[in-house]
Amino acid sequence: MASSEGPLYLGFDLSTQQLKAIVVDSDLKVIGQAKVDFDGDFGAQYKIQKGVHVIESTGEVYAPVAMWLESLDLVLSRLRDALPTPSFMARIKGVSGSGQQHGSVWWSDKAEGLLAGLSAEKEGGLKAQLEGALTYDMAPNWQDQSTQKECDAFDAELGGREKLAEATGSGAHHRFTGTQIMRLRRVKPEMYAQTARISLVSSWLASVLMGAIAPLEISDVCGMNLWDIPKQEYNETLLRLAAGGDSADLRKKLGEVLMDGGASMGAISKYFVSKYGFSGDCQITPFTGDNPATILALPLRPLDAIVSLGTSTTFLMNTPKYRPDGAYHFFNHPTTADHYMFMLCYKNGGLAREKVRDQLPKPEGGATGWENFNDAVLDTKPLGVEKEGDRAKMGLYFYLRETVPNIRAGTWRYTSNADGSDLREEKPQTSWNNKTDARIIVESQALSMRLRSQNLVHPPTPSLPAQPRRIYLVGGGSLNPAIARVIGDVLGGADGVYKLDVGGSACAMGGAYKALWAIERKDGETFDDLIGKRWKEEGMIEKVDDGFKDGIYQQYGNVLGAFEAMEKKILSEENQA
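Residues numbered from 1 in each chain as written. Predicted model: local features only at pLDDT ≥ 70, side-chain atom pairs only at ≥ 80, totals over all residues. Heavy atoms only, no water.

The name given to the protein chain in an unreviewed UniProt entry is Xylulose kinase, and the organism recorded there is Sarocladium strictum. Entered under Sequence similarities (unreviewed entry) in the UniProt record, the comment concerning the protein chain runs "Belongs to the FGGY kinase family." A UniProt comment under Function (unreviewed entry) is attached to the protein chain, and it reads "Highly specific D-xylulose kinase which participates in the catabolism of xylose. Xylose is a major component of hemicelluloses such as xylan. Most fungi utilize D-xylose via three enzymatic reactions, xylose reductase (XR), xylitol dehydrogenase (XDH), and xylulokinase, to form xylulose 5-phosphate, which enters pentose phosphate pathway." (UniProt positions renumbered as here; feature names shortened; annotations may be inferred.)

This is the structure in structure tokens:
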């Protein structure tokens, strides 16, 4: 339909530092967008830094929920002004979005009544009208580190970390909602007892918009360590652990999980109809976590992968295979039944590459440090093998304790034969120069991704080895041609390596697409079918490398076992120390 008359769809992204809103039409064209920057708009009022409060002594990191309420009013006001005319608000037929994963919001027994009573005719905005709706005015943030005791208990409860991952898709993590609930019940027992419902950040935002407490969503619920993914139900044993015995009470607080990611949960609250001009029949559809929303912004097909190259590094895949491990994460796919989102998270991403870059000779003649780094990467052969008979070079460059694998900060350099045999640590650890390090650090980050995703991929065609179909790069590192080359060398990518640009709003965009699919889908029409037909590559992606290179890809495969053995050796030495 023409953009002047057709339906529109709104997607939100409530992240740590911003609330974004984006409107698209049925052809996925962006019609308008707005954002609120928490520090810039509310920093002085709420005394936050980078969107949160931090208590160093306990490791607690949390955000004021009242700030989010004020931000919702503010972003909708800005969005109305950003659209071609305010009347466009009435054309929005569906709303979805994302919230930072793992965070929780704690509702009082007054919440349902206060949400139902929201009205633009009443004095005050959302913050004033929802006074008393919470038992805890803060929401724990994904950066929280206060739950080590609870993590130990979760990892042990089912017989070990791997057993927990088999059931819930992940080992225990500080940020996961189940451990957060367990700790808050311990340190704030009265608050816990008075809490009527617990929302995730995603379902909290949906609740405010619909004027009733929204159910948890099928993908975001997997970030709790409470949902049994193989059984598709809450794990009774883990509920009992988090609740201190009364699993029925915690189940009631959490409510049921909405299994259909495209269901309508009801119409938007009359507050938003009167105040901002929404249509009364605008539907609120399930909100999901920020990571699942990212894979909806493409849309990502099975065998496609996203590599996010920011300060940290994240690897995402859409896969029909559920093969969990305590070192990484599986979630239910947010729109496709019997599919999963596979996710790896690395702390040592861009920062580690910058450290290696800074060890290179200082550039001259106006060149940047990255130009030197790129030259060093591209001037070095794969695995540093310059001629036949040279040993393959591998290394780990961890400036922070890594999560995958859980190895302390440090630098290690190893070599092996070309077939991966005869693994040796190189001492002293200056056995090759800093230019070689530039190549090896990028290879090591890609080899770790390949190692941990190898059982999830299969040959795209009978004539090719198992590998991703396409690899999409996002984040600051996606602009670097040398990194793109190495990603393609190591991970393959039968259809190539692409830079993805959705204007920094992937999560909000994914939410808008999800709302569109929910409203416009025909019976049995999948998200990928509907969005895939309308999604246009032009202006969104750019091919930056050919991907799979016959011979080079196998060269890395030959040393993959040696790379894994190197990780295990370093880890065992740490455990023995």
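From this point, the discussion proceeds with the structure in view.
Undergrad: Hey, could you run me through the overall build of the protein chain in this one?
TA: Looking only at helices and strands, one finds 21 helices and 27 strands in the protein chain. What you see for the protein chain is a C-alpha radius of gyration of 24 Å, in line with the 25 Å of a compact globule of 577 residues. If one aligns the C-alpha atoms of the protein chain with their principal axes, the spans along those axes are about 80 × 55 × 50 Å. Taking the average place of the 63 positive charges on the side chains of the protein chain and the average place of its 74 negative ones, the gap between the two points comes to 1 Å. (Helix = DSSP H or I, 4+ residues; strand = E, 2+ residues; numbered from the N terminus. Rg over C-alpha atoms; globule rule 2.2 N^0.38 Å. Lys, Arg positive; Asp, Glu negative; His and termini not counted. Charge placed at Lys NZ, Arg CZ, Asp CG, Glu CD.)

Undergrad: Quick question: what am I supposed to make of helix α1 (residues 38-46) here?
TA: Taken as a whole, α1 has its buried residues at Phe38, Phe42, Gly43 and Tyr46. Down the axis, α1 shows its buried residues gathered within 140° of arc, on one side only. Residues of α1 that are exposed and point more than 90 degrees away from the buried face comprise Gly40 and Ala44. Positive backbone phi, approximately 55°, marks Lys47, located one or two places after α1. (Buried < 20%, exposed > 50% of the residue type's maximum accessible area, 1.4 Å probe, protein only. Arc of directions from axis to C-beta.)

Undergrad: Where do I start with the packing of helix α14 (residues 350-358) against helix α16 (residues 434-453) in this structure?
TA: Axis angle and axis distance: for two packed helices, these are the angle between their axes and the distance between the axes, and together they describe the pair. One way to put it is that α14 packs onto α16 with a least axis distance of 9 Å and a crossing angle of 170°. One finds that α14 runs roughly antiparallel with respect to α16. Crossing of α14 over α16 shows right-handed handedness. Contacts from Ala352, Arg353 and Val356 in α14 reach Asp437, Ala438, Ile441, Val442 and Gln445 in α16. The residue makeup of the contact of α14 with α16, split by class, is five nonpolar, one polar and two charged. (Axes fitted to C-alpha atoms, helices over the stretch in contact; angles between N-to-C directions. Parallel < 35°, antiparallel > 145°, perpendicular 65-115°, else oblique. Left-handed = near helix turned anticlockwise from the far one by under 90°. Contact = heavy atoms within 4.5 Å. Nonpolar A, V, L, I, M, F, W, Y, C, P; charged D, E, K, R; others polar.)

Undergrad: Which parts of the structure should I look at to understand the packing of aromatic side chains?
TA: For any pair of aromatic rings, geometry is given as the distance between the ring centres together with the angle between the planes. This model, assessed by the stated rule, comprises 19 aromatic pairs. Relative to Phe342, the ring of Phe315 has its centre 6.1 Å away and its plane inclined at 75°; by these criteria the two rings are edge-to-face. Here Phe315 is found in strand β19 (residues 313-319), whereas its partner Phe342 is found in strand β21 (residues 340-346), with 27 residues between them in sequence. With respect to burial, Phe315 and Phe342 carry one shared label: buried. (Phe/Tyr/Trp six-rings, centres within 6.5 Å; stacked < 30°, edge-to-face > 60°.)

Undergrad: Before we go on, may I ask you to explain the nonpolar core in this structure?
TA: The nonpolar side chains of a soluble globular protein tend to be buried with one another. Counting 124 residues, the largest nonpolar core has Leu226 and Leu254 as the members making the most contacts within it. Once residues within four sequence positions are removed from consideration, Leu226 is found in contact with Phe154, Thr168, Gly178, Ile181, Tyr234, Asn235, Leu238, Leu239, Ala242 and Leu254. Listed in part, the 57 residues of the second largest apolar core include Met67, Leu115, Leu205 and Ile268. (Core = buried A, V, L, I, M, F, W, Y, C linked by side-chain atoms within 4.5 Å.)

Undergrad: What is the right way to look at the sheet that holds strand β7 (residues 104-107) in this model?
TA: Backbone-to-backbone hydrogen bonds pair the strands of a sheet. The strands run either parallel or antiparallel. Reading across the sheet, the three strands line up as β8-β7-β10 and stay open at both edges, with antiparallel pairing between neighbours. Every interior strand has two partners, whereas the edge strands, β8 (134-136) and β10 (197-200), have only one. Here the strands of the sheet are splayed against their neighbours by 40° on average, with no regard to which way each runs. Here β7 pairs with β10 via four bridges, running antiparallel. In the sheet register, Ser104 faces β10, and the bridge partner there is Leu200. (Pairing = 2+ DSSP bridges.)

Undergrad: How should I be thinking about the sheet that holds strand β22 (residues 392-398) in this particular structure?
TA: Spatially, three strands are ordered β22-β23-β24 in an open sheet, and the strand pairing comes out antiparallel. One side of each edge strand has no neighbouring strand; the edge strands of this open sheet are β22 and β24 (424-425). Summarising the sheet, strand β23 (residues 410-416) and β24 pair through two bridges and their orientation is antiparallel. Residue Thr415 lies in a different strand from β24, and its bridge partner there is Arg424. Contacting β22, β23 and β24, helix α21 (residues 560-576) crosses the sheet at an angle of about 45° to β22.

Undergrad: Is there a simple way to think about the packing of helix α2 (residues 65-82) against helix α9 (residues 201-210) in this case?
TA: Closest axis-to-axis distance for the α2/α9 pair is 12 Å, and the angle between their directions is 50°. In this view, α2 runs oblique relative to α9, as classed from their interaxial angle. Handedness of the crossing formed by α2 with α9: right-handed. Contacts from Val65, Trp68, Leu69 and Leu72 in α2 reach Val201, Trp204, Leu205, Val208 and Leu209 in α9. Classifying every residue of the contact of α2 with α9 gives nine nonpolar, no polar and no charged.

Undergrad: Is there a simple way to think about the pairing of β22 in this case?
TA: Remark: a regular strand shows side chains that alternate across the two faces of the sheet. The element β22 is extensively covered by neighbouring structure, given that seven of its seven residues are classed as buried. Burial along β22 is two-sided: Ala392, Met394, Leu396 and Phe398 and Lys393, Gly395 and Tyr397, pointing in opposite directions, are all buried. In this structure, β22 lies alongside β23, joined through seven bridges in antiparallel fashion. Note that in β23 the partner of Leu396 across the bridge is Trp412.

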